[in-house]
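The primary structure of each chain is shown beneath.
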Amino acid sequence: PPHPGGFRAAAASTAATAAADLPAMSSPIRSSAAVIPTAAEDSSADGRDSSSVLQQECTRLLVEDSGSMGDCAGRRGRAPRWLYASVPVAAVLLVAAAFVSSHQHTTLRAGKVQSEFEVLVETSDEQALEAGKPKVLPDADMMLQSDLMKQAMEQQAGLVESEQKLADLQRTQEEKVEKMQREREAKEAKEKREKKEREEAARKAVAQKKAEAAKKKAEAAKKEADEKQKEEDRKRREAAEKQEQEEPKQESGAGMSMLLGALDEILEGSPPTTTTAPPKTKAHGFEILSNGTCHGHGLFPIAHSSVCSLAASELVLADNTSKVSNATSRPEGCYLEEGKLWFAENEQNKGHGSSHDRQQLCMTKGRKHDEDERLEKLVEKQAEEKVKQAEAKAAAEKRHKEELKKEREEKKERAEAKKKERKEQKLQKHLDKEERVVQSWENDEKTVPNVTLYCFSLMMPFGYEPGLLHEQKLRGVGIYACDEAVVFSNTTTLMSGEPSPVEISLIPGTLAVAYGGRWMTALNTGVFNRLWMEVIRLGRYRYHDWVVKVDPDAVFFPSRLRELMRHKSPYNEKQVQRRIEEPKKLKCGNCRLKGKEHETCASHVRLWQQEGHTCKKALELTSRDPPNDCGCDCDDFACDLPGSAMYLNNCQWGLHGPIEVLSRRAVATYAAGLPKCVGLLQNPWGEDKFLDQCMQELGVTRANEYSLLSETACGEEPAPCGNSNVAFHPFKSIQSYFTCYEYANKYGMGPASPPVFPDLEDAQGGGMGDIMMKYQEHSI
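This is a predicted model, so every value here is computed, not measured. (Residues numbered from 1 in each chain as written. Predicted model: local features only at pLDDT ≥ 70, side-chain atom pairs only at ≥ 80, totals over all residues. Heavy atoms only, no water.)

**Some thoughts on the confidence of the model for the protein**
Then comes step 1: Averaged over the protein, the pLDDT score is 75; the fraction of residues at 70 or greater is 69%.
Then comes step 2: Predicted confidence is poor over residues 61-78, with pLDDT under 50, and the contacts of this stretch with residues over four places away or in other chains come to 23 contacts.
Then comes step 3: Confidence drops under pLDDT 50 across residues 251-255; counting only partners more than four residues distant or on other chains, this segment forms 0 contacts. (pLDDT = per-residue confidence, 0-100. Contact = heavy atoms within 4.5 Å.)

Following this line, the structure appears as structure tokens:
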């Protein structure tokens, strides 16, 4: 409609027509429809056509006079009334739908317009400054600015929530560390307890082995005693046999007469007659029973095999060697069976006597008394011998144990002396190594010049970065601990309208970037290429050894980086660290030769080098005025000097952007060779990967130094920042940033810190005085 009043009139006309098409409508609705023509008349006064007037008239007739319905239908071409009524309703619905769609489209474009708003504001600022008049924003921009301010407030609220989450994460990490400490202590206690149980089990096993050895010794002693007993029995039998041989000599006279008679008979020719002593039934207290038992005849059975052999000898039996029998149904003790002498040991034969084929040998009470005394003395003697033998054996074992103990002690002493000697040698070797390290460190301190750092950061004019950088500046940490520090941004005023809390060096263009790639990272190559070009344009990097780009949320220790660059090869080589002592005003921008204005002076110098000229000669050729050459005034930074350009790769997966360290020669090479890397811009990369790939394309030396950065995105856990790294990332709040900084400052050390000697408390023993004195001298 031409104005809001026309739109209201059309809506009123449509509502009246709808009321006419609904005859069954309630009275309140009809009364509302009857009022509508008044609004329609107002709209006709504003310039509506005759069709609108006709429509209003028909509506009035339909409401007031039902008899004129056909008249209105005739005016409308005899079409159904509902059709005419539905057309305006549909029109209103279409207008409403278009309005809703337009509103949604405006909402969706707000995010896209936000990134373009900064460019618009900055462009307006620049134009206003050039024209010398204040900027005037169009109405749409004012509305968008209001929306952006609202989004900035929401983003600030989101940052507060993120800081709270980070604090919770840090608290969770501390709890995790405490839990790990408790688990480690529990594990150590468990290991001590298990070790004690193992030692107790070992002691029990040793005691059991000793008991078993003692038992075996007792059994061996018993076996030996039995063997000796048998030997004694054998000796007694031999003694009895000898006694029997002596008894016939007592009758030597009778024997001699008999022998002489036999000799006479032989001489006379008659055969001799032989006589043998008949066995006795009784002799020297021993008797042979043909029937009955010993106890039945008032005698005692023989209870030992040696006494059995002795009795057979005394009784002049043909067999006087007793054989042991374990059979049953035999006479108790000693007996004869078919002329052979036996001794029954089986207890079941107790009380048995002689039978028709077995004769029992017995002894009288007196003989039993004598034999018991003799056996008792013999047992006592054997016991004494056993005691003596046991004492002698124990003394021998004691001597043997003492000898073994002495040998073990000597062996242990020799082993301890050897171990002590090895320990002293190892300690001396370690001290010699430490002495060499200290000497090398001292030589580096004397010969390697102090390393200077040119550090810079890119700050977004909103969010947490301004406040975090301001706090770093107040405390003199991060990039503000470098020899020269710069903060870049595209405006000196924050989104909130306040001035930047830190000094800003402006770069042209917007800082808004898109997100994409495999990991949906910021595609910020263009922004950081402009940043590097501004660093190169300012030229301050040329007067420092190394150039360091640091993210504001990276906890950075310049002192650790200086130590690393000064004391570790190849960073401390002279060809890498070449510093211009005095600034020179040079004209080394673009070539002034006609048709070559798009080429840089450095690229033209390197073209001469590629043709075989030295750096000095290439600089002379390039310095010639047009039309001979470019007319550039450059120094050796424009030359391609292999080996002097170097950058550090800080992650095993490639260069990561929180900290980027380049030699000044690498920055100059990047500036001169950036046109060669234009083809890489088509890849959806972030600035760190682009820089990494471009440096390799330009042939810059890539040194892997993974101690440079501890970052979550590189598969590490930076908190609580106790590792020996140069930087830790990310810590986006002031609290988390300085918690990390203080912990690292108190408990951590750099990757190339001064050498620290080990704890030598275990070397306090004798013989270590000289070494300890030497160690103390080194420590001092």
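Anyway, onward from the coordinates.
**What to know about helix H8 (residues 305-314)**
Then comes step 1: With 10 of 10 residues buried, H8 lies mostly within the body of the structure.
Then comes step 2: Directly beyond the C-terminal end of H8, a positive phi value near 55 degrees is found at valine 316. (Buried < 20%, exposed > 50% of the residue type's maximum accessible area, 1.4 Å probe, protein only. Helix = DSSP H or I, 4+ residues; strand = E, 2+ residues; numbered from the N terminus.)

**Comments concerning the pattern of salt bridges**
Then comes step 1: If you walk through the whole model with that rule in mind, you get 27 salt bridges.
Then comes step 2: The salt bridge partner of glutamate 200 is arginine 203, with a shortest N-O separation of 2.2 Å. Here arginine 203 and glutamate 200 lie together in helix H6 (residues 139-250), a separation of 3 residues that amounts to about one turn.
Then comes step 3: Accessibility expressed as a relative area gives 34% for glutamate 200, which makes it partly exposed.
Then comes step 4: Given a relative accessible area of 47%, arginine 203 falls into the partly exposed group.
Then comes step 5: For arginine 624, the salt bridge identified is with aspartate 629, shortest N-O distance 3.3 Å.
Then comes step 6: Residue classification places arginine 624 among the partly exposed positions, given a relative accessible area of 33%.
Then comes step 7: Through salt bridges with shared partners, one network takes in Lys549, Asp551, Glu660 and Glu687. (Salt bridge = Lys/Arg side-chain N within 4 Å of Asp/Glu carboxyl O.)

**Brief notes about helix H14 (residues 615-622)**
Then comes step 1: Among all positions of H14, only Cys615, Ala618, Leu619, Leu621 and Thr622 are buried. Down the axis of H14, the smallest arc covering the buried residues is 165 degrees, so these residues share one side.
Then comes step 2: On its buried face, H14 sits against helix H13 (601-610). (Arc of directions from axis to C-beta.)

**Some words on the nonpolar core**
Then comes step 1: Grouped together as the largest cluster of nonpolar side chains are 34 residues, with contacts concentrated most on Phe456, Phe488 and Tyr541.
Then comes step 2: Taken together, the elements giving at least two residues each to this core come down to strand S8 (453-458), strand S9 (484-489), helix H11 (525-538), helix H15 (664-673) and helix H16 (687-697).
Then comes step 3: For this core, the leading source of residues is H11, giving 6 residues.
Then comes step 4: Listed in part, the 30 residues of the second largest apolar core include Met459, Val661, Ala703 and Leu708. (Core = buried A, V, L, I, M, F, W, Y, C linked by side-chain atoms within 4.5 Å.)

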